[in-house]
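Topology and contacts: notes
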Amino acid sequence: LVPLRETYKSFPQRRFKISIMKFAAIATLGLQLCAHSSAFAPAAVAPRTSSSSLNLSLRNLVLAEKTAATKPEPVVQEAPTATEVKSGTITETEVRALFELWNQALATGDSRIVANRYIKKPMLLPTVSDEPRTDFDSVKDYFDAFLLKKPQGKILDGQIYIGDGWASDTGIYEFTMGATGDVVKARYSYNYVQEDGIWKIQHHHSSVMPEEIAMGKAITEDEVRGLFSLWNNALATLDPKTVAARYAKSGVLLPTVSDTPRTDFSSIEDYFVNFLKLQPQGEILESHVTIGHNWCQDAGIYEFTMGATGKKVKGRYSFIYVFEDGEWKINHHHSSVMPEGTMAQPITEEEVRNLFQLWNSALATEDPDAVAKRYAKNAVLLPTVSDIPRTNYDLIHHYFVGFLTKKPQGEILESNVSIGHNWCQDSGIYEFTMGATGDKVKGRYSFVYVFEDGQWKISHHHSSVMPEDFLGPAPKPEMSTPHFMSAPPL
């Protein structure tokens, strides 16, 4: 090397750099050919404690000249912990530690840090993408999506081989997805080489377990039912994007309260923008599970409690799940109202008349709020002693604040009932005794009831004074005697 250095001083710098790099490459290749049966494919070789002194000296000389002549490129910050091995040697323990460096990079959630664990011209064949990734940008692009699952891996079974300037680690690893709780196994191959004095990933091939492809992803009935909880937890975030992300790429949603099928991420997200305003939380009441090849189905009845209103709503559901991108996603979701709820709610005439007693009992509480709650959401009250129609809760409540000071209690004197489809009517004459004064007052009434939120409510209430009391008696209608009441002929 001493004559070589002297020669270097007498030649132009650029020419010598080219010559010395060529010489180093030839010398290195020659040594590798002598040491191995193949210079082009990694093989199981016992760990080497050092390289030849000539190869190492030439390598260090070239690196020193290159470093002095080239401005170092900025690099992304490395993942913390685990000391890098910067010499030409490496042990099996250190090879396995290289996986931990990569795993710690995953834990940062930063795709740039992960991509920087690979050499400048790597080969990444990822688990859930058909596209080979061969540079920093394409590797980063893959991990942009993968890191959303918050993966953390551990090696279950691995074999390490160490060669001259390279090492490989192959086997089976398992990932726990922090975003969903899913646990996924896969096969892996890492080839490591030194670049700029640091061991990095030159080749990374990750693939699903082939028996899961042939036999289907294993899942139990309880695990299928548990998939509903992932969707329900997404509802609890009140974030429509989080809910829409639970659906597969080609997922179809036939929602409970929309006629429009939702067939892509945007339309599914749009549905949940409004639905989540109700703050829904669901519970499965009845479940029927079917399991197929990489798909499963859960169908039955669920019930939602709407946190915004306290309302409870039952519905029928069908979920079909597929195994996509390493996790179970909703491929088909059909939700519908309970069909019997759209049928007429049965009620008898006597039960219609008894609905008055619910309202009368509310009067007895002397609480205007209790009385106002007997009216439907879109109710109309035309009261006895006010010219103002009361068309919402506040106005109805306001009327009874004054009326209840008289401590009224009513009694129906004459009733006429009609029954329709989820509505009924009771009209006639009632009489109130005013507890505060002892006065008795008759009035005419009309109640129209509707079945709302699981109970009969007053949709329309019209009350008026007996008109003859201030207008004078009116002519009485002629009442024909029914045929069966007529007297027999003499």
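About the thresholds
- Residues numbered from 1 in each chain as written.
- Predicted model: local features only at pLDDT ≥ 70, side-chain atom pairs only at ≥ 80, totals over all residues.
- Heavy atoms only, no water.
- Helix = DSSP H or I, 4+ residues; strand = E, 2+ residues; numbered from the N terminus.
- Buried < 20%, exposed > 50% of the residue type's maximum accessible area, 1.4 Å probe, protein only.
- Contact = heavy atoms within 4.5 Å.
- pLDDT = per-residue confidence, 0-100.
- Pairing = 2+ DSSP bridges.
- Axes fitted to C-alpha atoms, helices over the stretch in contact; angles between N-to-C directions.
- Core = buried A, V, L, I, M, F, W, Y, C linked by side-chain atoms within 4.5 Å.
- Expected span 1.5 Å × (residues − 1).
- Phe/Tyr/Trp six-rings, centres within 6.5 Å; stacked < 30°, edge-to-face > 60°.
- Polar contact = N/O pair within 3.5 Å; in protein donor to acceptor, adjacent residues only side chain to side chain.

Looking only at helices and strands, the protein chain has 14 helices and 15 strands in total. When the 490 residues of the protein chain are sorted by exposure, 37% land in the buried category. Nonlocal contacts in the protein chain, meaning residues at least 24 apart in sequence, comprise 54% of its contacts between residues at least 6 apart.

Let us look at the confidence of the model for the protein chain. Here the protein chain averages 82 in pLDDT, while 77% of its residues score no lower than 70. Predicted confidence for residues 481–490 stays below pLDDT 50, and this span has 1 contact to residues more than four positions away or in other chains.

Both strand β2 (residues 151–162) and strand β3 (residues 166–177) contribute to a ladder of 11 bridges, which runs antiparallel. Its bridge partner being in β3, Pro 151 is matched across the sheet by Met 177. Between β2 and β3, which pair antiparallel and follow one another directly, the connecting turn spans 3 residues, one of which, Gly 165, has a positive phi of 85°.

So, about the sheet that holds strand β8 (residues 295–306). Here 5 strands make up an open sheet; going across it, the order is β6-β10-β9-β8-β7 and the pairing mixed. Strands at the two margins of the open sheet, each flanked by one partner only, are β6 (247–254) and β7 (280–291). Taking the axes of each pair of neighbouring strands and ignoring which way they run, one obtains an average angle of 20° across the sheet. The strands touched by helix α8 (residues 221–236) within the sheet are β6, β7, β8, β9 (312–324) and β10 (327–337), with β7 carrying the most contacts at an inclination of about 155°. In the packing of helix α10 (residues 265–275) onto the sheet, contacts are made with β6, β7 and β8, and the angle to β6 comes to roughly 55°.

Time to look at the nonpolar core. Counting 32 residues, the largest nonpolar core has Trp 102, Val 114, Tyr 118, Phe 143, Tyr 173, Tyr 190 and Tyr 192 as its most contacted members. If you look at the next biggest cluster of nonpolar residues, it comprises 28 residues, including Ile 347, Val 417, Phe 432 and Trp 456.

The next point concerns unusual backbone geometry. Of note, Gln 279 is a non-glycine position whose phi angle comes to about 55°, a positive value. Among the secondary structure elements, Gln 279 is positioned in the loop between α10 and β7. Gln 279 gets classed as partly exposed once you look at its relative accessible area, which sits at 41%. Although it is not a glycine, Glu 366 adopts a positive phi angle of roughly 60°. Within the secondary structure, Glu 366 sits in the loop between α11 (349–364) and α12 (368–372). By relative accessible area, Glu 366 is classed as partly exposed at 41%.

Looking at the element boundaries, Pro 389 is found in the loop between β11 (375–382) and α13 (393–403). Since its relative accessible area comes to 41%, Pro 389 is described here as partly exposed. Through-space distance from the C-alpha of Pro 389 to that of Tyr 399 is 10.0 Å; in sequence the pair is 10 residues apart. Sequence-distant contacts of Pro 389, defined by excluding residues within four places in its chain, comprise Leu 381, Leu 382 and Leu 395.

In this section: the side chain of Ser 207. Assignment of secondary structure puts Ser 207 in strand β5 (residues 198–208). With residues up to four places along the chain from it excluded, the contact list for Ser 207 reads Thr 127, Ala 186 and Arg 187.

With mixed pairing, 5 strands are arranged side by side in an open sheet as β1-β5-β4-β3-β2. Because the sheet does not close on itself, it has two edges, and the strands there are β1 (118–125) and β2. Each adjacent strand pair in this sheet contributes to an overall mean axis angle of 25°, direction not counted. Of the strand pairs in this sheet, strand β4 (residues 183–195) and β5 are connected by 10 bridges, and their pairing is antiparallel. Within the sheet, the bridge partner assigned to Asn 191 lies in β5 and is His 203. Each of β1, β2, β3, β4 and β5 touches helix α4 (residues 92–108); the most contacted strand, β2, lies at about 155° to it. Of the strands in this sheet, β1, β2 and β3 are in contact with helix α6 (residues 136–146), which crosses β1 at around 55°.

Between its first and last C-alpha atoms α8 spans 24 Å; for 16 residues at 1.5 Å apiece the expected length is 22 Å, and the two agree. Those residues of α8 not exposed but buried are Val 224, Leu 227, Phe 228, Leu 230, Trp 231, Asn 232, Ala 234 and Leu 235. Positive backbone phi, at 60°, marks Leu 238, one or two positions downstream of α8.

Note that Pro 368 resides in helix α12. Look at Pro 368 and you get buried, because its relative accessible area is 16%. Placed 33 residues apart in sequence, Pro 368 and Val 401 show a C-alpha to C-alpha distance of 5.6 Å.

What follows is about the packing of aromatic side chains. Per the counting criterion, the structure on display carries 50 aromatic pairs. A centroid spacing of 6.2 Å and a plane angle of 65° characterise the contact between Phe 272 and Phe 275, whose relative ring orientation is edge-to-face. In this pair, Phe 272 and Phe 275 are both assigned in helix α10, 3 residues apart and thus about one turn of the helix distant. Each member of the pair, Phe 272 as well as Phe 275, carries the same accessibility label: buried. Between Tyr 430 and Phe 447 the ring centres are 6.4 Å apart and the planes differ by 75°, which places this aromatic pair in the edge-to-face class. Residue Tyr 430 is found in strand β13 (residues 423–434), and its partner Phe 447 is found in strand β14 (residues 440–452); the two are separated by 17 residues along the sequence. With a relative accessible area of 1%, Tyr 430 lands in the buried category. What makes Phe 447 buried here is its relative accessible area of 0%.

So, about the side chain of Asp 110. Within the element layout of this structure, Asp 110 appears in the loop between α4 and α5 (111–115). Side chain to side chain, Asp 110 and Arg 112 meet in a polar contact 2.8 Å long. In contact with Asp 110, other than residues within four places in its own chain, are Ala 105 and Leu 147.

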